[in-house]
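Now for the letters of each chain:
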Amino acid sequence: MKRSILLAASLAILGPFAASAQTTEQLVKGASDTSNVLNYGMGYNLQRFSPLTQITKENAKNLVPVWNYSFADDRSEESQPLVYQGVLYVTTHAATMAVNAKTGKQIWKTKVEYPPETPRIVCCGIINRGAAIYEGKLFRTTLDANVIALDANSGKEIWRQKAADIKEGYSMTVAPLVADGVVITGISGAEFGTRGFIDGWDPATGKHLWRTHTIPSPDEPGGDTWKGDTWKLGGGSTWITGSYDPELNTVYWGIGNPGPFNSAVRPGDNLYTCSVLALEPKTGKMKWHYQFSPNNPFDYDSVAEMVLADINVEGKPTKVLMDANRNGFFYVLDRTNGKLLAANPYVNVNWASGVDLKTGRPIETDVSKDAREGKKVVVYPSILGGKNWEPGAFNPKTRMVYIPTQENLCAVMIGRTLDTPVAGRRAATTNQMYIAPGADHISEVQAWNVDTGTKAWTHTFKDSPNWGPMLTTGGGLVFSGGTNDRLFRAYDAKNGKVLWEFPTNSGVLGTPTTFAVGGTQYVAVQSGWGVDARGVNARLNAEYPGEYPEVPDGGAIWVFAVKN
């Protein structure tokens, strides 16, 4: 595999920015580290909360761009930057870059090259979602299903391992997770006749340590939830990074949709699709699982963030896992054992009337029954979900979760399948996206109080779906973009008032982060429209001609600070 390394004028200029061996202890404390961003999700708990308070509700109006760095890339930009010792590390599908976090000056750039046929088997975007950092190395995945380690100081490749064969329908966009000294990665490809898995790797050598399949074989627990050989191409991809509880030494990883789309050809619950798995990081051994959507016919995958928090449940402090699921329900689980504690709709839902707290199963309506029979149905939420992959955030100070939702998108759907699922060939479905009749807006940012289970506030978007990952801070703010007006916004975390907004060069699909260098708090976010955001915009324009603006291309990272 070819690669090239573009260095700054001299590596000698790194000086104090040279990365030292970064440790497990630092990763464990990542959520409280205000000078660095060491974890995907701003901490192992994926709360996307920073305790920084320099940028406040009072001065957010004075935010200005400090620097901007172009990726020379017109693809969607969905990754989250990391920051360590004054160096910002960021990825695209085509490169990994190290940049001075204060000035934006490039330190090094390592290109990623993959076979030209690779995009043929990529379902949902030629993208990358970020890196992991550990002991002086950066770890990332590539679109052609490789896991690589780079020297954090120079960008030089240290090792590379092939996780799967793209000819069989596999690809990789996930940001790795380093937990208990193991590099953990997921896989994409459920739409292409694959069998999903999660891998563990040795960070020093790249040695493959373990593989946990998300689709059990007939002789494994859960294998009886698949008929015949359907398990062999059952999907269950794992393309969003999991969370980790060091005290319980447990990784929580969301699992994607089953394949093919037509659930009638794969009778049974189809474990462990549309589930969360609790895993032992050294071995990949499953401790427990919970399935959100058995035998899912609507593409309601469950890969998105599994947020960890400690909240009071019936007056008792409880270690919980929270998930705003794509199926439209917000779940709270006891993360020590997987017991369901609560499940309530946060958007319009008609495929189920609720979730049975005793069995943990959805109480399905005729919409689900008719869909399985191949009948034409109108389903809420649409196949994009109440929320798609874009992560929400939890602020332990306000006690609120913040969710980017597609509140009023629904779909007309008719199941269709290939006669025989084929590895590497995409399964099909027919659906038509439209705005719910009578709706006065499409999408929202929602805030929910986790202690009371009540909605605190809503900010609506009349003319755009919401694809914006969230960040919240100790300064009482929520940051997010995600709309077709290209605006990156700061909200008052308590009431949802927009305090500041800035038009970037393209749509903001990246995950915001914040950090302090040299006594100044910065906010960083990537801009670059594409993938589902562009596709849905086009589909809405087909239904409602001329009402949804085209969004310009252009991948870049923007860094902001308060003007003194």
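As the structure is a prediction and not an experimental result, all values here were calculated from the model. (Residues numbered from 1 in each chain as written. Predicted model: local features only at pLDDT ≥ 70, side-chain atom pairs only at ≥ 80, totals over all residues. Heavy atoms only, no water.)

Peer 1: Account for the sheet that holds strand β2 (residues 49-50), naming residues and giving values.
Peer 2: Strand order in the open sheet made by the five strands is β2-β33-β34-β35-β36, with mixed pairing throughout. For this open sheet the edge positions go to β2 and β36 (498-503), each flanked by a neighbour on one side alone. Sheet topology places strand β34 (residues 477-480) next to strand β35 (residues 487-492); four bridges connect them, and they run antiparallel. Bridge pairing in β35 places Leu477 opposite Asp492. (Pairing = 2+ DSSP bridges. Helix = DSSP H or I, 4+ residues; strand = E, 2+ residues; numbered from the N terminus.)

Peer 1: Please give an account of the environment of Tyr544 that cites residues and values.
Peer 2: Summarising the element assignment, Tyr544 is placed in the loop between α3 (531-543) and β39 (556-562). Residues Tyr544 and Ile435, 109 residues apart in the sequence, show an inter-C-alpha distance of 9.6 Å. The contacts of Tyr544, once residues within four sequence positions are left out, are Tyr434 and Ile435. Separated by 3.1 Å, the side chain of Tyr544 and the backbone nitrogen of Ile435 make a polar contact. (Contact = heavy atoms within 4.5 Å. Polar contact = N/O pair within 3.5 Å; in protein donor to acceptor, adjacent residues only side chain to side chain.)

Peer 1: Describe in detail the pattern of salt bridges, supporting the description with residues and values.
Peer 2: Applying the stated criterion across every chain, the model contains 23 salt bridges. We note a salt bridge from Arg160 to Glu157, for which the minimum N-O separation is 3.0 Å. Glu247 serves as the salt-bridge partner of Lys319, at 3.3 Å between the closest nitrogen and oxygen. In this pair, Lys319 sits in strand β21 (residues 316-324) while Glu247 sits in the loop between β16 (243-245) and β17 (250-254), placing the two residues 72 residues apart along the sequence. Exposure remark for Lys319: the relative accessible area of 22% places this residue in the partly exposed category. A single salt-bridge network, built from bridges that share partners, covers Lys369, Asp370, Glu373 and Lys375. (Salt bridge = Lys/Arg side-chain N within 4 Å of Asp/Glu carboxyl O. Buried < 20%, exposed > 50% of the residue type's maximum accessible area, 1.4 Å probe, protein only.)

Peer 1: Can you explain the layout of surface pockets? Please cite residues and give values.
Peer 2: Over the atoms, a rolling probe the size of a water molecule traces out where space has been left empty. Taken as a whole, the second largest pocket spans an internal volume of roughly 380 Å³. What lines the second largest pocket is a set of 19 residues, among which Val332, Ala342, Asn344, Val450 and Gly453 lie closest to the centre. When residues of the lining of the second largest pocket are traced back to their parent elements, those giving at least two are β20 (307-313), β22 (329-334), β23 (340-345), β28 (400-405) and β31 (443-449). Per-element tally for the lining of the second largest pocket: the top contributor is β23, with four residues. For the lining of the second largest pocket, the residue count by class is 12 nonpolar, five polar and two charged. (1 Å grid on protein atoms, 1.4 Å probe; cavity = no way out; pocket = protein on both sides within 12 Å on 5 of 7 lines; lining within 4 Å. Points joined across faces, edges and corners; volume = space filled by probe spheres on them. Nonpolar A, V, L, I, M, F, W, Y, C, P; charged D, E, K, R; others polar.)

Peer 1: Tell me what's going on with the environment of Gly223, and back it up with residues and numbers.
Peer 2: With respect to the helices, strands and loops of the structure, Gly223 is situated in the loop between β15 (208-213) and β16. Not counting residues up to four positions away in its chain, the partners in contact with Gly223 are Pro216, Ser217 and Pro218.

Peer 1: Break down the sheet that holds strand β14 (residues 197-201) for me, citing the residues and quoting the values.
Peer 2: Through backbone hydrogen bonds, the strands of a sheet pair up, either in parallel or in antiparallel fashion. If you trace the four strands from one edge of the open sheet to the other, you get β12-β13-β14-β15, paired in antiparallel fashion. Each edge of the open sheet is held by one strand with a lone partner, namely β12 (177-179) and β15. Across the sheet, the mean angle from the axis of one strand to that of its neighbour is 25°, orientation sign disregarded. Bridge count between β14 and β15: five bridges; the pairing is antiparallel. Within β15, the position partnered with Asp199 by the bridge is Arg211. (Axes fitted to C-alpha atoms, helices over the stretch in contact; angles between N-to-C directions.)

Peer 1: Got a sec to walk through the nonpolar core? Specific residues and values, please.
Peer 2: With 82 residues, the main nonpolar core has Leu88, Tyr89, Leu138, Ile184, Phe479 and Phe515 as its most contacted residues. Element by element, the count of residues in this core is highest for β39, at six residues. The next biggest cluster of nonpolar side chains, apart from the first, holds 39 residues, and it includes Trp288, Ala343, Leu540 and Val551. (Core = buried A, V, L, I, M, F, W, Y, C linked by side-chain atoms within 4.5 Å.)

Peer 1: Summarise the pairing of β35; cite the residues concerned and give the values.
Peer 2: Across the six residues of β35, six count as buried, placing the element largely inside the fold. Neither face of β35 is exposed, since Leu487, Arg489 and Tyr491 on one face and Phe488, Ala490 and Asp492 on the opposite face are all buried. Looking at chain direction, β35 and β36 are connected through five bridges and run antiparallel. Each residue of the ladder has a partner; that of Leu487, found in β36, is Pro503. Linking β35 to β36, which pair antiparallel, is a turn of five residues; within it Gly496 sits at a positive phi near 85°.

Peer 1: Describe in detail the side chain of Asn449, supporting the description with residues and values.
Peer 2: Assignment of secondary structure puts Asn449 in strand β31. Residue Asn449 is classed as buried on the basis of its relative accessible area, which comes to 19%. In this view, Asn449 contacts Thr398, Arg399, Met400 and Thr454; residues no more than four positions away in its chain are not counted.

Peer 1: Run through the side chain of Asn146, naming residues and quoting values.
Peer 2: On the secondary structure map, Asn146 appears in strand β10 (residues 146-151). At 3.3 Å, the side chain of Asn146 forms a polar contact with the backbone oxygen of Asp144. Each residue touching Asn146, except ones within four places of it in the same chain, is listed here: Arg140, Thr141, Arg160, Gln161, Lys162, Ala163 and Met172.

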